[in-house]
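Structure at a glance
As a plain string of letters, each chain reads:
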Amino acid sequence: MLYVLDTANIDRIRECIEYYPVDGVTTNPTIISKENSNFPALIKGIREVIGPDRMLHIQTTEQTADKIIKEAVQLKEFVGGDFYIKIPITADGLKATSALKKMGIKVTETAIFTQQQALIAARAGADFVAPYVNRLDNIVSDGVNVVVEIVSLLKSNCCDTKVLAASFKTVEQVHKISLAGTHAVTMTPEFFKTLIYHPMTLYAIDDFMADWQNAYGEKKISDLLK
Ligand code: G3P
């Protein structure tokens, strides 16, 4: 499963990349607006930090097919590297998706809340579909199950489209969708940290260190091998 950062904060992206296996960055207009900074400089900065080979998903701010296509071409040229235009699922979004695929521009169909939205986006040629797990849970719609069914539908329809699940509040949501074979998840840097946290791990490390110290004092392996 690919791990993607759902943020436009350059310092946090840099920090996460140093420590975690990060496959890319996703943004949307809300995430971008939180940085309150010069947009071209911001997306160039993100590309610089993540390098050309990690995915960068940037969402369109247009709503008609022609304008979405124009914006996607402009963005791809400006930001370079492994680029995906994020397009919310609408009729115009689907029209733009089909056209962009023919032009060789990769698309992530976003704001997916139903299984049929995902399947139709896949048929239009989307590379990724992005269902919002926690926002579904918030309207008592079982976000995990929606993702599980999307993964299964795409598989049984032999689509190449992958699932990039978004919007998480619990580790359990991520775990359950990963069991279903979800291809990628995007989450905030803060949430990424919670995925590796467990108090028993910290206790175990403390015990290892205490036992070693009892036997060898302050000496480390490198001291003993000198
Ligand atoms: O990319 C979509 C994602 O940012 C939605 O997450 O936490 O706002 O529901 P959230």
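We now turn to the structure provided with this report. (Residues numbered from 1 in each chain as written. Predicted model: local features only at pLDDT ≥ 70, side-chain atom pairs only at ≥ 80, totals over all residues. Heavy atoms only, no water.)

**Points about the pairing of strand E4 (residues 83-88)**
Using the following cut-off: With a 1.4 Å probe rolled over the protein chains alone, any residue whose accessible area is under 20% of its type maximum counts as buried; one over 50% counts as exposed, and the rest are partly exposed. Under the DSSP-based scheme used, a helix requires at least four consecutive residues in state H or I and a strand at least two consecutive residues in state E, with every element numbered from the N terminus. A pair of strands counts as paired when DSSP detects no fewer than two bridges linking them. Whether a crossover is right-handed comes down to one check: with the strands pointing away from the viewer, does the path from the first strand over the helix to the second run clockwise; if it does, it is right-handed.
Counting buried positions along E4 yields five of six residues, so the element is predominantly enclosed. Sheet analysis places strand E3 (residues 55-59) next to E4, joined by four bridges and oriented parallel. Bridged to Leu56 within E4 is Phe83. In this region the chain leaves E3, passes through helix H4 (residues 65-79) and returns to the parallel neighbour E4; the handedness of that crossover is right-handed. Looking at chain direction, E4 and strand E5 (residues 106-112) are connected through five bridges and run parallel. Counterpart to Ile85 in the pairing with E5 is Val107. Taken together, E4, helix H5 (residues 91-102) and E5 constitute a β-α-β crossover, and its handedness is right-handed.

**A closer look at helix H10 (residues 189-196)**
Let me state the cut-off plainly: Arc definition: it is the arc formed by the directions from the helix axis to the C-beta atoms.
For H10, the full list of buried residues reads Pro189, Phe191 and Phe192. The buried side chains of H10 occupy one side of the element, clustering within an arc of 155° when seen end-on.

**Some words on the sheet that holds strand E7 (residues 162-165)**
Here is the rule we go by: Here an axis means a line fitted to C-alpha atoms, over the contact stretch when the element is a helix, while the angle between two N-to-C directions is reported on a 0 to 180 degree scale. Contacts are assigned to residue pairs that have any heavy atoms within 4.5 Å of one another.
Reading around the circumference, E1-E2-E3-E4-E5-E6-E7-E8 is the order of the eight strands in this closed barrel, with parallel pairing throughout. The mean angle between the axes of side-by-side strands here comes to 25°, regardless of whether they run parallel or antiparallel. As paired strands, strand E6 (residues 128-131) and E7 are joined by two bridges and run parallel to one another. Its bridge partner being in E7, Phe128 is matched across the sheet by Lys162. On the sheet, H4 packs against E3 and E4 and is oriented at approximately 155° with respect to E4. Docked against the sheet, H5 engages E4 and E5, running at close to 160° with respect to E5.

**A word on the site of the ligand**
This is how it is decided: Being near a molecule or strand, for a residue, comes down to having at least one heavy atom within 4 Å of it. Pairs of N or O atoms within 3.5 Å make up the polar contacts considered here, provided that, within protein, one atom can donate a hydrogen while the other can accept it, and that residues adjacent in sequence are counted only when both atoms are side-chain atoms. With residues, only the protein chains shown are counted as cover, and all accessible areas are computed by Shrake-Rupley using a 1.4 Å probe. A cavity here means a set of 1 Å grid points, computed over protein atoms only, where a 1.4 Å probe fits but cannot escape. A pocket is an open set with protein on both sides within 12 Å along at least 5 of 7 lines, and lining residues have an atom within 4 Å of a point. By definition, a pocket or cavity contains a molecule when more than half of the molecule's atoms lie within 2 Å of the pocket's grid points. Residues are grouped as follows: nonpolar covers Ala, Val, Leu, Ile, Met, Phe, Trp, Tyr, Cys and Pro; charged covers Asp, Glu, Lys and Arg; every other residue, Gly included, is treated as polar.
Taken together, Asp6, Asn28, Ile31, Lys86, Tyr132, Arg135, Ser167 and Lys169 form the complete shell of residues around the ligand. At 3.4 Å, a side-chain N or O of Asn28 approaches an oxygen atom of the ligand. A distance of 2.7 Å is found between an oxygen atom of the ligand and a side-chain nitrogen or oxygen belonging to Arg135. For the ligand, whose unbound accessible area comes to 310 Å², protein coverage reaches 79%. Of the pockets mapped on this structure, the ligand occupies the largest pocket. Here the shell around the ligand is composed, by residue class, of two nonpolar, two polar and four charged.

**Here's the deal with the layout of surface pockets**
The condition that has to hold: Grid points are joined across faces, edges and corners, and a volume is the space filled by probe spheres set on the points.
One number sums up the size of the largest pocket: a volume of about 600 Å³. In terms of lining, the largest pocket is formed by 30 residues, of which the most central are Asp6, Asn28, Ile31, Lys34 and Thr188. Elements with a contribution of two residues or more to the lining of the largest pocket: helix H2 (29-35), E4, E5, strand E8 (184-187) and H10. In terms of residue count, H2 provides more of the lining of the largest pocket than any other element does, five residues in total. Here the residues of the lining of the largest pocket sort into 13 nonpolar, nine polar and eight charged. Here the second largest pocket is characterised by a volume of approximately 150 Å³. As for the second largest pocket, its lining consists of Thr27, Asn28, Pro29, Ile32, Phe39, Ile58, Gln59, Thr61, Glu71, Gln74 and Leu75. Every element with two or more residues in the lining of the second largest pocket is listed here: H2, E3 and H4. Grouping the amino acids of the lining of the second largest pocket by side-chain chemistry returns five nonpolar, five polar and one charged.

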